[in-house]
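Descriptive structure summary
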Protein chains: 2
Amino acid sequence: MTVSLSAELWPDVQPDAARRLMLAAVESFAARGYHATTTRDIAAAAGMSPAALYVHFPSKAALLFAISRNGHEQTLTLVESVAGGDEPPRERMRKIIEDFVAWHARRHTVARVVQYELQALPEQEYAVVADLRRRIENLVREVIAEGVEKGEFTVGDLRTAARAVLSLGVDVARWYSDRIGKTPKALGREYGELVLRMLGAGI
Amino acid sequence: MTVSLSAELWPDVQPDAARRLMLAAVESFAARGYHATTTRDIAAAAGMSPAALYVHFPSKAALLFAISRNGHEQTLTLVESVAGGDEPPRERMRKIIEDFVAWHARRHTVARVVQYELQALPEQEYAVVADLRRRIENLVREVIAEGVEKGEFTVGDLRTAARAVLSLGVDVARWYSDRIGKTPKALGREYGELVLRMLGAGI
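The structure displayed is predicted, hence computed values, not measured ones.

Rules of the game
- Residues numbered from 1 in each chain as written.
- Chains lettered and ligands numbered in written order.
- Predicted model: local features only at pLDDT ≥ 70, side-chain atom pairs only at ≥ 80, totals over all residues.
- Heavy atoms only, no water.
- Helix = DSSP H or I, 4+ residues; strand = E, 2+ residues; numbered from the N terminus.
- Buried < 20%, exposed > 50% of the residue type's maximum accessible area, 1.4 Å probe, protein only.
- Contact = heavy atoms within 4.5 Å.
- Domains from an automatic or database assignment.
- Buried area = accessible area lost by both parts, 1.4 Å probe.
- Salt bridge = Lys/Arg side-chain N within 4 Å of Asp/Glu carboxyl O.
- Polar contact = N/O pair within 3.5 Å; in protein donor to acceptor, adjacent residues only side chain to side chain.
- Nonpolar A, V, L, I, M, F, W, Y, C, P; charged D, E, K, R; others polar.

Quick notes on the side chain of Thr39 of chain A
Residues and elements named next belong to chain A. Within the secondary structure layout, Thr39 lies in helix 3 (residues 39-45). Given the relative accessible area of 15%, Thr39 is considered buried. Leave out the neighbours within four places in its chain, and Thr39 touches Leu53, Tyr54, Ser59 and Lys60.

Comments concerning the domain arrangement of chain A
Residue and element names in this part refer to chain A. Domains assigned within chain A are domain 1 (2-58) and domain 2 (61-198). If you average the C-alpha positions of domain 1 and of domain 2, the two centres end up 25 Å apart. Contact with domain 1, which involves 18 residues of that partner, is made by 14 residues of domain 2. At the boundary of domain 1 with domain 2, total buried surface from both sides reaches about 1,400 Å², with 75% on carbon and sulfur atoms. On the domain 1 side of the interface with domain 2, the three residues burying the most area are Leu9, Val26 and Tyr34, jointly 38% of the side's total. There are zero salt bridges connecting domain 1 and domain 2. One can count four residue pairs in polar contact (both at pLDDT 80 or more) joining domain 1 with domain 2. Residue assignment for the side of domain 1 that touches domain 2 shows that the elements contributing at least two residues are helix 1 (2-9) and helix 2 (16-32). Considering every element that reaches the side of domain 1 that touches domain 2, the biggest residue donor is helix 2, with six residues. Here the side of domain 1 that touches domain 2 is built from residues that sort into 15 nonpolar, one polar and two charged.

Here it is as structure tokens:
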């Protein structure tokens, strides 16, 4: 069960032991916060020895970095795969928001670590993640700018608009739970409509 | 300096030593997370002895509760003071968002504790805060509903709309910093416009 969940969350991470440690880290950070979690806690949660953990990750910070970078890479990929397409900007924006919101809802526990523990990253690792974040924000801003140019969107400040759009998606990770009775996909669709309106798409 | 800051953050908390402890707690939680912070850390940060801390707060959880409840009461007050007014719903909504966003920007360090450490609250204390949250969300939903009734707003799902509006404001606490070169008030105004559009107010 845990094995298949971790493979689903991080399909591009190998070997499986590394994924299991990442999942155990996410669960431990969620339960008691990053700072209060020890590598011993994480190894125990993964059913491994501390020594086995160090084979894959030299430190707790390295685990946080792996989770954070991978999460940002996944969201960058989903934005990238749509942002440069041929569809009208409003259709691209709708798709980006649907996917971005669904990702943060579906993976809300992982996403909380990805989005809320940035300050715990060491400086160099933080720089890598900050670059991924900039790329995501730039892509979203470019789609909005293109929409404005083509008369599809009307916004006051491009930077504020891009930030608000992403902010709305990120915050889903904070409040989403399976109990709200709405699937990640359904929520993504509703948010797609809300965001298009926010950008003055006049729907 | 610290004394005046804590008085500004919690004008209705007495005596000053309690406010100083709340401020020291916010700073300690921000630096290393709630779980990794000890009452000893907080007392030291406030320049007090652990015994002096216990005079005002019986536990770390009591401090978290004081910060969380007070923050929720402050935001409830600002929503309440506008929600039931005589102005058209769109003007009330604009004012609510301007104030709510400015509050989360101006007090972003306190607001992060208020918004992101709910799970660490003991059950009874959580219930008190959850009730305040429900009241805030209900007021916002009622203003939206009134706007829909009067033909000022058009929304798909009332609950999703209210949640998205508040979510946008809450997330400001996560990313806002003084370095973005935009005052809390200016950001509030921009967000007021974005939210009215999101609600289909056709501005």
